[in-house]
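Commentary on secondary and tertiary structure
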Amino acid sequence: MGVHGVKAVFFDLDNTLVDTAAAGRRAIEEVLLVGPYLLKVISTLQSKHHYSEGQARIICDKVQAKLLKECHDPAKMCITDLRISHWEEAIQETIGGEANRNLAAECYFLWKTTRLQHLTLAEDTRGMLTELRKGVRLLLLTNGDKQTQREKIEACACQPYFDAIVVGGEQKEEKPAPSIFHYCCDLLGVQPAECVMVGDSLDTDIQGGLNAGLKATVWLNKAMTTPVDISPVPHYIISSVLDLPAVLQKMGHKMNAKLGTDHMAGSNE
């Protein structure tokens, strides 16, 4: 088994295979702006703090910003407590008054449930994974809290498309540490030089693949506005995960060309 010298492809999950950021944004807006549950939240805030839709928008923005800057140490605090704190702080910063932990917890759990409902593995992505798996082994490699990532994996029902799933929060080290990549290689019975890493993060996916000595790294850059001083430098850049098969094909052409050159050199000696 193998395609063009590649025996395995490692995929990142968040914002690579599934659009976690978009699901989170939709969930935040639904938590504070729509739905029958929110009538209760809005009513509570209006009666106690003269809550308005404008303030709801500010809370949305604040929570989103806190999520983006989040640094989670599971040894110090569980992810649930940390994210309830995000909501608690955002509400208090916007509306003032005493902290409302109960309201923050209600908002968090509704946001979490709603986000999971919006996490889907697109039909065309499923089709691509199914086709790829006919020629190479596939592994899902995601950083993050064990419970949170396992819930996402379950929600988007991606398990059947992979030969193995590795969650960073369950390992001693996460991406970009070489150890987790080598662990993945051992799971699949392949060598680093036979593997490709695909992901949206230069710092974890691309740097990690380079650190581990993988055959190639593929950076998913949906914006396709590449900085001049990009670092680390990926082997390939794509704007959609659906472009991966074409990249593997290109790798095959390069390898065949090299083999042809080596053969010519050998014949002339």
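Here is what the cut-offs are and how they apply
- Residues numbered from 1 in each chain as written.
- Predicted model: local features only at pLDDT ≥ 70, side-chain atom pairs only at ≥ 80, totals over all residues.
- Heavy atoms only, no water.
- UniProt positions renumbered as here; feature names shortened; annotations may be inferred.
- Helix = DSSP H or I, 4+ residues; strand = E, 2+ residues; numbered from the N terminus.
- Buried < 20%, exposed > 50% of the residue type's maximum accessible area, 1.4 Å probe, protein only.
- Arc of directions from axis to C-beta.
- Contact = heavy atoms within 4.5 Å.
- Phe/Tyr/Trp six-rings, centres within 6.5 Å; stacked < 30°, edge-to-face > 60°.

Going by the annotation in an unreviewed UniProt entry, the name recorded for the protein is NANP phosphatase, with Semnornis frantzii given as the source organism. Entered under Cofactor (unreviewed entry) in the UniProt record, the comment concerning the protein runs "Mg(2+)".

For the peptide bond that leads from K175 to P176, omega is 15°, which places it in the cis range. Looking at the element boundaries, P176 is found in the loop between strand 3 (164–167) and helix 8 (178–188). A positive phi angle is found at N15, which is not glycine, with a value near 65°. Here N15 is to be found in the loop between strand 1 (8–11) and helix 1 (20–33). One non-glycine residue, A157, lies in positive phi territory at about 50°. Its location among the elements puts A157 in the loop between helix 7 (146–156) and strand 3. Take A157: its relative accessible area is 41%, and that puts it in the partly exposed class.

Taken together, the buried positions of helix 8 are occupied by I180, F181, C184, C185 and L188. Viewed end-on, helix 8 has its buried residues packed into an arc of 145°, placing them on one side of the element. Those residues of helix 8 that are buried lie in contact with strand 1, strand 2 (137–142), strand 3, strand 4 (195–199) and helix 9 (202–211). After helix 8 finishes, the residue G189 shows a positive phi value of roughly 70°.

It is worth spelling out the environment of K152 at this point. Structurally, K152 is set in helix 7. The class of K152 is buried, set by a relative accessible area of 5%. In sequence terms K152 and L119 are 33 residues apart; their C-alpha atoms lie 7.2 Å from each other. Apart from the residues lying within four places of it in its own chain, the contact partners of K152 are L13, D14, T20, R115, L116 and L119.

Attention now goes to the packing of aromatic side chains. Evaluation of the coordinates by the stated rule reveals three aromatic pairs. Between the aromatic rings of Y108 and W111, the centroid separation amounts to 6.0 Å while the plane-to-plane angle is 35°, which identifies the pairing as tilted. Taken as a pair, Y108 and W111 lie in helix 5 (residues 101–118) at a separation of three residues, close to a single helical turn. No difference in accessibility class separates Y108 from W111, as the two residues are buried.

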